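Residue-level structure breakdown
Next come the chains, spelled out residue by residue.
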Amino acid sequence: MQTDIDPRNLIGRKAFDRNGAKIGTIDEVYLDDATGAPEWAAIRTGLFSRDAFVPLEPSELTSDGTLRIPFERSLIKDAPDFGVGRHLSPEQELQLYHHYGLDITPPQSPPPPDQDFGHIAGRETP
């Protein structure tokens, strides 16, 4: 998602799933604690429904001003419910990442330098 968008401008926008089915309206936007970048959106899924948290990173703000979320509507509606208006804890964020199957592993450290394990290609072993 574009990172130069003011999170306040997302509130009230319509959200759609990967197939174009309407999910609801964005109620709140949650920022990353470390970077301050928009990370999650809470989407009101219906008049008497709860809010569903969706990740903003793989989502896309379209030219018509709607949010396209690259997941199925059923997966979004089944997301863990943490209520809105409160801070998401690291444990809650981890649950959401796992729910959506998103990779949250930090980048790997560089591999150790090549070492001579076993035989060298092109040489016969004694």
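Just so it is clear, the structure is predicted and the values come from calculations on it, not from any experiment.

Here the structure, examined in full by the defined rule, presents 4 aromatic pairs. Where Phe 71 meets Tyr 100, the ring centres are 4.8 Å apart and the plane angle is 45 degrees; that geometry is what we call tilted. With Phe 71 in the loop between strand E6 (67-68) and helix H1 (73-77) and Tyr 100 in the segment after helix H2 (90-99), this pair connects stretches of sequence that are 29 residues apart. Under the relative-accessibility criterion, Phe 71 is labelled buried at 11%. Three or more aromatic residues link up through ring pairs in this structure, and these residues are Tyr 30, Phe 53 and Phe 82.

With mixed pairing, 6 strands are arranged side by side in an open sheet as E4-E3-E2-E1-E6-E5. Every interior strand has two partners, whereas the edge strands, strand E4 (51-55) and strand E5 (60-61), have only one. As judged from the 5 bridges shared by strand E3 (residues 38-44) and E4, these two strands associate in the antiparallel manner. Bridge assignment links Trp 40 to a residue of E4, and that residue is Pro 55. The strands touched by H2 within the sheet are E3 and E4, with E3 carrying the most contacts at an inclination of about 75 degrees.

Before going further, it helps to examine the pairing of E4. Burial analysis of E4 places 5 of its 5 residues in the buried class, which makes it a mostly covered element. Side chains Asp 51, Phe 53 and Pro 55 of E4 all project onto a buried face; the interleaved residues Ala 52 and Val 54 project onto the opposite face, where all are buried too.

Moving on, we get to the environment of Asp 6. Here Asp 6 shows up in the segment before strand E1 (14-16). For Asp 6, a relative accessible area of 26% gives the class partly exposed. In sequence terms Asp 6 and Ala 37 are 31 residues apart; their C-alpha atoms lie 9.4 Å from each other.

Moving on: the pattern of salt bridges. In this structure the tally under the stated criterion is 2 salt bridges. For Arg 44, the salt bridge goes to Asp 27, with nearest N and O atoms at 3.4 Å. Linking Arg 44 in strand E3 with Asp 27 in strand E2 (residues 22-31), this pair joins segments that are 17 residues apart in sequence. Using a relative accessible area of 31% as the deciding quantity, one classes Arg 44 as partly exposed. Put simply, Arg 44 and Asp 51 hold a salt bridge, and the shortest N to O gap is 2.8 Å. A relative accessible area of 4% places Asp 51 in the buried class. It is possible to trace a salt-bridge network through shared partners that takes in Asp 27, Arg 44 and Asp 51.

Here is what the cut-offs are and how they apply
- Residues numbered from 1 in each chain as written.
- Predicted model: local features only at pLDDT ≥ 70, side-chain atom pairs only at ≥ 80, totals over all residues.
- Heavy atoms only, no water.
- Phe/Tyr/Trp six-rings, centres within 6.5 Å; stacked < 30°, edge-to-face > 60°.
- Helix = DSSP H or I, 4+ residues; strand = E, 2+ residues; numbered from the N terminus.
- Buried < 20%, exposed > 50% of the residue type's maximum accessible area, 1.4 Å probe, protein only.
- Pairing = 2+ DSSP bridges.
- Contact = heavy atoms within 4.5 Å.
- Axes fitted to C-alpha atoms, helices over the stretch in contact; angles between N-to-C directions.
- Salt bridge = Lys/Arg side-chain N within 4 Å of Asp/Glu carboxyl O.

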